[in-house]
Amino acid sequence: MEEHEYKRMYDMEEDYWWYVGLHRLVLDFLCERRLANSTHTILDAGCGTGRLITLLQSAGFKTVGIYSAGEALRLSTSRGIGDLVQASIGQIPCRTGTFVLLGSLDVLSCLVVDQRRRAFGEMRRVIKPGGYLVLNLPAYDFLRSSHDAAQHIVHRFSRGELRSMLREAGFALEVCTYRNTVLLPLAATVRLLRRYSTNNDTCLQSDLRPIPGRVNSFLTRILLSENRLIRKGLRLPAGLSVFCIARNPR
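To keep things clear, this report deals only with the structure shown in the data block. (Residues numbered from 1 in each chain as written. Predicted model: local features only at pLDDT ≥ 70, side-chain atom pairs only at ≥ 80, totals over all residues. Heavy atoms only, no water.)

## Topic: the packing of helix H1 (residues 3-12) against helix H4 (residues 70-77)
The N-to-C vectors of H1 and H4 enclose an angle of 20 degrees; their axes lie 9 Å apart at closest approach. Compared by their axis directions, H1 and H4 come out roughly parallel. The interaxial crossing formed by H1 with H4 has right-handed handedness. Contacts between H1 and H4 involve Glu3, Tyr6, Lys7 and Tyr10 from the former and Glu71, Ala72 and Leu75 from the latter. Each residue belonging to the contact of H1 with H4 can be placed in one class, and the counts come to 4 nonpolar, no polar and 3 charged. (Axes fitted to C-alpha atoms, helices over the stretch in contact; angles between N-to-C directions. Helix = DSSP H or I, 4+ residues; strand = E, 2+ residues; numbered from the N terminus. Parallel < 35°, antiparallel > 145°, perpendicular 65-115°, else oblique. Left-handed = near helix turned anticlockwise from the far one by under 90°. Contact = heavy atoms within 4.5 Å. Nonpolar A, V, L, I, M, F, W, Y, C, P; charged D, E, K, R; others polar.)

Listed below in C-alpha cells is the structure:
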C-alpha cells in the first residue's frame, strides 16, 4: 500500500461503511462460535492500522497483530494496541498451532502466486487443529483500477478460485460467498469508466474518500443487511469481495 494511504485508513476505519460492514461480519462470526475465551488467541495477519484488533479486544478476545509496514504498526500502536510484530504473512514468527483463529482481510491480494502459496502454508501451520481461518479478498480481476495500484493489489479473486486454493492448502471450507453485492453494478461502472478516462495524477490514490454522513449510513445499512443474509446461510452470487471461513481439519 502507498504510505500516504495508511493515515487515510486510520482516520476512516472507525465509521466508514466498508470497514464497518466487514468488521461486523467477522465479529458476529466469532461471537456465534463462542470463541471469546481467555485461553484463545486470535492472529490478525495483516492488521493494517489496527481497528479490527481494538474491536476484538473490546469483545473479550486476546489478539496478536502482524504487518510488514512500519507506518501501519506505528498508527496501530497509537491506538494503544500491544502485541504487534513487524512481519510478513509468508513468514509468521509464531509457533505451530498457536491460534484458534487467524483473520486476514485483503492481504493475500497483494501477493504474487508463489507468495500466496507460502502464506497459505504458514497460516495453516499456526492455526490450531480445528481452528478457523477467516479471509476477505477483492473480487474480479476485470475491476482492477487506480485503487488497486494505490493499495498494491496484484490480483482479484473469484469465489471458485479461492475455494480451490483453500482446498489445495488443506483447509475445510465452511463459508465461501461474495459480498458487497448490491453495490457491484455501480462500482463496476465507475471503475470501468475511470479506466478509460485521462488521469494525469502523479500520486496514486485509492477509492477511500470521505463521503456525506447520510450516504455513509445508507451504505452501512446495505452491508449489514447482506451480513444477516450471509449469517443465515445465503451465498451471494456476485460482489465486490469474496468472504471465506475455513477450518484447519488436523
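## Section: the pairing of strand E7 (residues 241-247)
Counting buried residues along E7, 6 of its 7 residues qualify, which places the element largely inside the surrounding structure. Where strand E5 (residues 127-138) lies against E7, 7 bridges are found, and the strand directions are antiparallel. Bridge assignment links Leu137 to a residue of E7, and that residue is Val242. Where strand E6 (residues 172-179) meets E7, 7 bridges bridge the pair, whose relative direction is antiparallel. Across the sheet, the residue bridging to Thr177 is Phe243, located in E7. (Buried < 20%, exposed > 50% of the residue type's maximum accessible area, 1.4 Å probe, protein only. Pairing = 2+ DSSP bridges.)

## Examining the pairing of strand E2 (residues 62-67)
Counting buried residues in E2 gives 5 out of 6 residues, a clear majority hidden from the surface. Here 5 bridges tie strand E1 (residues 41-45) to E2, and the two strands are oriented parallel to one another. Bridge pairing in E2 places Asp44 opposite Gly65. With respect to chirality, the unit in which E1 leads through helix H3 (residues 51-58) into the neighbouring parallel E2 is right-handed. With 3 bridges connecting them, E2 and strand E3 (residues 84-86) associate as parallel partners. Paired with Tyr67 across the bridge in E3 is Gln86. On the question of chirality, the crossover connecting E2 to the parallel E3 by way of H4 is right-handed. (Right-handed = clockwise from strand over helix to strand, strands pointing away.)

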